[in-house]
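Letter by letter, the chains look like this.
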Amino acid sequence: GWWSVFQDPQLAAYIGDALTNNWDIKIIAARVLQAQAALQVARSQFFPNVSAGGDLVTSRASQNGLAASSNPQQNYGDVFVGMSAYEVDLWGKIRRANEAARARYLATEDAQRTVRQTLVALVATAYLALLELDYELEIARRTYQARTNSLALTTAREAGGVAAMQDVAQAKILV
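Here the structure is a predicted model, which means the values were calculated and not measured. (Residues numbered from 1 in each chain as written. Predicted model: local features only at pLDDT ≥ 70, side-chain atom pairs only at ≥ 80, totals over all residues. Heavy atoms only, no water.)

Novice: Before we go on, may I ask you to explain the environment of Gln34 in this structure?
Specialist: With respect to the helices and strands, the residue Gln34 is situated in helix α2 (residues 23-44). Spatially, the C-alpha atoms of Gln34 and Ala129 are 37 Å apart, while their sequence positions differ by 95 residues. (Helix = DSSP H or I, 4+ residues; strand = E, 2+ residues; numbered from the N terminus.)

What follows is the structure, given as structure tokens:
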């Protein structure tokens with residue numbers, strides 16, 4: 001929020017719009033989410049993969065067919081629990097993969113901060129340059145008005161015989 005030092009609501013609005021609508025910001029935010037997901041996947045390798053499930057099947061035989069049975073409905077089920085192979089990290093392979101994923105995540109977050117700071121700096125620089133040009137234009141308009149008035153005064157003085165023709169020529173050059 002360093003731009004709040006300028007206390008310019010228009011600048012704050014432009015920066016807010018830029019941060020909200022800039023595609024680079026959206027892309028880098030997606031990359032941060034990808035790196036965060038990759039870090040979570042890398043961390044998950046520290047733990048074994050356990051899965052559990054079950055099935056319940058019901059079958060019913062027809063009462064009207066040739067093979068009518070005394071037990072028309074049968075229920076049976078399965079329950080299973082599984083555990084995938086767990087790799088003990090003796091040599092640090094999983095630990096190093098986790099550290100690398102964390103480093104990529106932190107680098108991506110820093111890249112996001114850099115993109116945001118660069119965007120804010122560009123918007124603020126462009127806005128302040130525009131303000132400077134507006135002030136220069138106003139100064140040029142005032143200078144033109146003052147020199148036009150000076151030319152009229154010098155021309156009137158030359159007509160009255162008080163000023164020389166050289167003063168009128170110099171006033172025209174200044175205009």
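Novice: I keep staring at the nonpolar core and nothing clicks. Help me out?
Specialist: Within soluble globular proteins, side chains that are nonpolar tend to cluster in buried spots. Grouped together as the largest cluster of nonpolar side chains are 10 residues: Leu11, Ile15, Ala18, Leu19, Ile25, Leu119, Val120, Val123, Ala124 and Tyr127. Going through the elements one at a time, α1 (9-21) and α3 (93-159) are the ones with two or more residues in this core. Take this core: its biggest share by element is five residues, from α3. (Core = buried A, V, L, I, M, F, W, Y, C linked by side-chain atoms within 4.5 Å. Buried < 20%, exposed > 50% of the residue type's maximum accessible area, 1.4 Å probe, protein only.)

Novice: What am I meant to see in the packing of α1 against α3 here?
Specialist: A pair of packed helices can be characterised by two numbers: the angle between their axes and the separation between those axes. Put simply, α1 and α3 touch, their axes get as near as 10 Å, and they point 140° apart. Taken together, the axes of α1 and α3 are oblique relative to one another. Once α1 is placed against α3, the crossing between them reads as right-handed. Residues Gln10, Leu11, Tyr14, Ile15, Ala18 and Leu19 of α1 lie in contact with α3, whose contacting residues are Arg116, Leu119, Val120, Val123, Ala124 and Tyr127. (Axes fitted to C-alpha atoms, helices over the stretch in contact; angles between N-to-C directions. Parallel < 35°, antiparallel > 145°, perpendicular 65-115°, else oblique. Left-handed = near helix turned anticlockwise from the far one by under 90°. Contact = heavy atoms within 4.5 Å.)

Novice: What exactly am I supposed to notice about a nonpolar patch on the surface here?
Specialist: A cluster of nonpolar side chains, namely Trp2, Phe6 and Leu128, defines an oily patch on the protein surface of about 290 Å² accessible area. With relative accessibility at 33%, the residue Leu128 sits in the partly exposed group. (Patch = residues over 30% accessible without salt bridge, like charges linked within 9 Å, V, L, I, M, F, W, Y side chains within 5 Å. Areas by Shrake-Rupley, 256 points an atom, 1.4 Å probe, with all protein chains shown as cover. Salt bridge = Lys/Arg side-chain N within 4 Å of Asp/Glu carboxyl O.)

Novice: In this structure, what is going on with α2? I would like to understand it.
Specialist: The α-helix winds at 3.6 residues per turn, so residues separated by three or four positions along the chain end up facing the same way. In a regular helix each residue adds 1.5 Å, so 22 residues correspond to 32 Å; α2 covers 32 Å between its end C-alpha atoms and thus fits that length. Of all the residues in α2, the buried ones are Ile25, Ile28, Val32, Ala35, Leu39 and Ala42. In an axial view of α2, the angular spread of the buried residues amounts to 100°, which keeps them on one side of the axis. Of the exposed residues in α2, the ones pointing more than 90 degrees away from its buried face are Trp23, Leu33, Gln34, Gln40 and Val41. Close packing links the buried residues of α2 with α1 and α3. Measuring from the backbone nitrogen of Asp24 back to the side-chain oxygen at the start of α2 gives 2.7 Å, which picks out Asn22 as the cap. (Expected span 1.5 Å × (residues − 1). Arc of directions from axis to C-beta. Polar contact = N/O pair within 3.5 Å; in protein donor to acceptor, adjacent residues only side chain to side chain.)

Geometric descriptors of this kind do not, in isolation, establish any biological role.
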